[in-house]
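The primary structure of each chain is shown beneath.
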Amino acid sequence: MDKPLFHFALAVLVAVLLPFFIRSGTLATEVLIFAIAAAGCNLLLGYTGLLSFGQGIFFGLGSYTLGLMLIHTSLPLLPTLVLAMVVGCVVAIIIGALSIRRQGVYFVMLTLAFAQLFYFLAYTFSDITGGDNGLIGIPRRGIGPLALDSSWSFYGFVAVIFLISFAALQRIATSTFGRTLLAIRYNGQRAQAIGFPIRVFKIAAFAVSGAVTGLAGALHALLIGIAPLSDIDYHMSESLLVMTIIGGTGNLFGSVLGAAFYLIVSDTLSAIWPRWLLLLGALLIVLALYIQKGIWGLIERGVGAVLGRRGGPDAMAPDTAGNERP
Amino acid sequence: MHRRRFLQLSSIASAALAAPPILRTAFAADDAITIAAPLPMSGAFAANGKYGSMGTSMAVADAGSVLGKKLSYLEIDTEGRPATAVRKIQEAMQQKKVQLFAGGILSSSALAMGAEVNKHQGVFFTTAGADEITGSNCNKSTFRWSVPTYGAINETVRPLIEKMPKAKRWYTITPKYVFGEGLLNAAKDVFKEKGVELVGNSYHSLDEKEFSGYITNAVAAQPDVLLILNFGSQSSATLRQAVNFGLKSKMTILVAWASGLEQFEELGADVSDGIYFGAQYWHGIDSPFNKELVAKVQKEKGINPNYSFAGAYIMAKLLSDGAKKGGSADGSAVIKALEGMEYDGMTGKETIRAADHQVIKNYYLLKGKAKAAMKDKDDYADIISSGQSFLSPEDAKCKMT
């Protein structure tokens, strides 16, 4: 269950099967976009143990970067997406470098403060961002002869980017770098004593996470044709964290499940009952109390029971998410 | 990895994704014309969404059928979020082939939805407030029934100045964003023209809930009139706190952009008594169409129509009338039919201006009455004056796209 190739095969399976189970191309696309962002969040939370409320900043900046570029310049789509990643990455390095100077609760508070700061920057500079109205009229440029107008052609494009991002993140997570991040999460002091520059590693994790989240934000703006203020709101960070935790921290495919579950359940419940947020709240309480390893943990347990053995080694690991050891 | 384990796992993974389509609403039937109402049915503005949905569904039921096809109604929950709103509009247009939309109470969602509907040449009718909707962001598909900030100020501040020529000192409380600035700038223009002094202004953020500091500042400036330029729950909170501070006896208070009956119910007659309010709609309007609507809603729903209800009703009616007149429910035909249309609406004669798709209609100045003077439970206010004030499409900066 822990083989990277197996997880990648599952990601491919999701990308291929989603259109068969969801009639709406836009909802299916949104699932993959948020899966990318949640995987980026997971790298920080699940692998490095950093509970960051800054993810919304990178997501929002990705949206604005893409929007501003496509509205005001004639830059082709792919360089614009790369630019959104660069902006997400650079800002993540700055925020990461400042935030990791403190640990635990103070780290979380610093990222929250940055989230508020960037939200109000976007709100205040409404001439650039559109403020509360959002940045409207973002064109969906095609790639060469490939038009991305229809929802399913755009889905295909996003699916390819999703799989590339997933593979890249997985490569990072299984590399020495990724293993070191896990070591930092489980015992930062020991990792430092062995000689790892944990500050640099944490900033690097921020950089990767920022780039990936910026990319997701850019794709989101491209999907809906606007960069709304809510993309940079701290509620966005909250949603991304919730998706990551629902899916299961410390496992990248868990984030895909988390994003799919969150978005599809929200969409279904909101059509049934206007007070659906109550149900979602109750569901989160159940998850936090009884299913701390998220959906992925549940699947591992289920499969373990079916096959008569325990889940992977990560299922046995203590849940230290958000609790950096001193 | 063993093939069996792979299959087991993949079936579990996909099972989670399999359930929703079963629960999804059915596709709109081909032989029906659908009017969709994208409204905030959940979230902070769910109450407005509820009345909007009632209004739309009643208008659709009243119209029955158009062009020999049954008129059907599709409710879309925007959750009050632009991103969700746009996504669901895309779904409705691409998968359910819906072309006609009436809704979008919040400006940010409405602007985003208008742009999206325009991409696919549908029609989007809204009551949202932002000037940009029929101003700098106007487009071929978007129509707006409500009066923008310019008219709201000119039909409230101007008549009040004329009514009280001695009231020369005004103080404003303004939410710091585009909509608030729009109201404030329009007010400043009227003040300048009428020789009225703006003795002070307090800006606040959209998240503000506590207004006593601003009210103390207002008292210190000793104005004759306090002009409240925020809206919704913020204006209710501002007003309630102002009344608690005893401002009613010290100065005249005007809330330029009230939400109508909903807001009076929330405030209660003790607070609203003696206060002036600007409103897009009031159930007491003396017009044949309005009287008919009020009687009907009272009979069928047991309530008086409020602004969310009435706005939604007239927008859905205009869309079905547009389809009838245009001879097709196709977006471009309906747009053409609606442009320049004149009709007897709830506020009397209303016209849809072709150049910017703004409906030219009355805006009302109301005055809250005392509890003892109320004839029934909803008789919170009297209409003091009404009129039509609009910027020209050029001055509103509308360049139709």
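Residues numbered from 1 in each chain as written. Chains lettered and ligands numbered in written order. Predicted model: local features only at pLDDT ≥ 70, side-chain atom pairs only at ≥ 80, totals over all residues. Heavy atoms only, no water.

Visitor: Requested: an account of the overall build of chain A, with residues and values cited.
Guide: Of the regular secondary structure elements, chain A holds 15 helices and two strands. Computed over its C-alpha atoms, the radius of gyration of chain A comes to 19 Å, within 12% of the 20 Å expected for a compact globule of 326 residues. Counting only C-alpha atoms, chain A reaches 50 × 45 × 40 Å along its principal axes. Burial statistics for chain A: of 326 residues in total, 57% are counted as buried. The long-range fraction of contacts in chain A, counting pairs at least 24 apart against all pairs at least 6 apart in sequence, stands at 79%. In the form shown here, chain A has an accessible surface area of approximately 12800 Å², with 70% of it arising from carbon and sulfur atoms. Of the charged side chains in chain A, 18 are positive and 13 negative, and the gap between their average positions amounts to 13 Å. (Helix = DSSP H or I, 4+ residues; strand = E, 2+ residues; numbered from the N terminus. Rg over C-alpha atoms; globule rule 2.2 N^0.38 Å. Buried < 20%, exposed > 50% of the residue type's maximum accessible area, 1.4 Å probe, protein only. Contact = heavy atoms within 4.5 Å. Areas by Shrake-Rupley, 256 points an atom, 1.4 Å probe, with all protein chains shown as cover. Lys, Arg positive; Asp, Glu negative; His and termini not counted. Charge placed at Lys NZ, Arg CZ, Asp CG, Glu CD.)

Visitor: Provide a residue-level description of the environment of G142 of chain A, including the pertinent values.
Guide: Residue and element names in this part refer to chain A. Summarising the element assignment, G142 is placed in the loop between strand 1 (135–136) and helix 7 (151–174). Classification of G142 as partly exposed rests on a relative accessible area of 30%. With 15 residues separating them in the primary sequence, G142 and F157 have C-alpha atoms 10.0 Å apart. Residues contacting G142, with those up to four places away along its chain left out, are L77, A147 and L148.

Visitor: Lay out the nonpolar core in plain terms, naming residues and giving numbers.
Guide: If you look at the biggest cluster of nonpolar residues, it comprises 159 residues, and the most contacted ones within it are F157 of chain A together with F101 and W170 of chain B. At 16 residues, the largest contribution of residues to this core is made by helix 2 (residues 25–47) of chain A. Contacts of F101 of chain B, omitting those with residues within four sequence positions, involve A36, P38, I76, I89, A92, M93, V117, V123, F124, F125 and L319 of chain B. Within the second largest apolar cluster, 70 residues are counted, among which are A258, L293, V359 and A381 of chain B. (Core = buried A, V, L, I, M, F, W, Y, C linked by side-chain atoms within 4.5 Å.)

Visitor: Please give an account of the sheet that holds strand 14 (residues 359–360) of chain B that cites residues and values.
Guide: Residue and element names in this part refer to chain B. Taken in spatial order, the three strands make up an open sheet running 12-13-14, and their pairing is antiparallel. Sheet topology places strand 12 (342–345) and strand 14 at the edges, where each strand pairs with a single neighbour. Direction of pairing for strand 12 relative to strand 13 (residues 348–352): antiparallel, over a ladder of four bridges. The residue bridging E342 from the neighbouring strand is T351, located in strand 13. (Pairing = 2+ DSSP bridges.)

Visitor: A description of the pattern of salt bridges should follow, citing residues and the corresponding values.
Guide: Residue and element names in this part refer to chain B. In this structure the tally under the stated criterion is 22 salt bridges over all chains. A salt bridge links K291 to D286; the nearest nitrogen and oxygen atoms lie 2.6 Å apart. A residue is classified by how much of its surface remains accessible, and D286, at 63% relative accessible area, is exposed. (Salt bridge = Lys/Arg side-chain N within 4 Å of Asp/Glu carboxyl O.)

Visitor: Describe in detail helix 4 (residues 77–99) of chain A, supporting the description with residues and values.
Guide: One full turn of an α-helix is made of 3.6 residues, so residues set three or four places apart face in the same direction. The terminal C-alpha atoms of helix 4 of chain A, which comprises 23 residues, lie 32 Å apart, in line with the 33 Å expected from a rise of 1.5 Å per residue. Buried positions along helix 4 of chain A lie against helix 3 (55–72), helix 5 (104–124), helix 7 and helix 10 (198–224) of chain A. (Expected span 1.5 Å × (residues − 1).)

Visitor: Account for the confidence of the model for chain B, naming residues and giving values.
Guide: Residues and elements named next belong to chain B. For chain B, the average pLDDT comes to 89, and 93% of its residues sit at 70 or higher. Predicted confidence is poor over residues 9–29, with pLDDT under 50, and the contacts of this stretch with residues over four places away or in other chains come to 29 contacts. Of the two predicted TM-score estimates for the complex, the pTM is 0.83 and the ipTM is 0.78. (pLDDT = per-residue confidence, 0-100.)

Visitor: Any details on the environment of R190 of chain A? Residues and values, ideally.
Guide: All names here are of chain A. Tracing the chain through its elements places R190 in helix 9 (residues 188–194). Judged by relative accessible area, R190 falls into the exposed class, the value being 56%. Sequence separation between R190 and F59 is 131 residues; the distance between their C-alpha atoms is 33 Å.

Visitor: If you had to explain the pairing of strand 10 (residues 252–255) of chain B to someone new, which residues and values would you point to?
Guide: Residue and element names in this part refer to chain B. Alternating positions in strand 10 separate into two faces, T252 and L254 on one and I253 and V255 on the other, with burial throughout. Where strand 10 lies against strand 11 (residues 276–279), two bridges are found, and the strand directions are parallel. If you follow V255 over to strand 11, its bridge partner there is F277.

Visitor: Just give me the short version of the state of the cysteines, but keep the residues and values in it.
Guide: Here the structure, examined in full by the defined rule, presents one disulfide over all chains. Shown here is the disulfide that connects C138 of chain B with C398 of chain B, its sulfur atoms set 2.1 Å apart. When the S-S torsion is 85°, as for the bridge of C138 of chain B with C398 of chain B, the disulfide is right-handed. Placement of C138 of chain B in the loop between strand 5 (123–126) and strand 6 (142–144) and of C398 of chain B in the segment after strand 16 (381–387) is noted, with a sequence separation of 260 residues between them. Both residues of the pair, C138 of chain B and C398 of chain B, belong to the buried class. Sulfur of C89 of chain A: no disulfide; nearest cysteine sulfur belongs to C41 of chain A and is 16 Å away. (Disulfide = S-S within 2.5 Å.)

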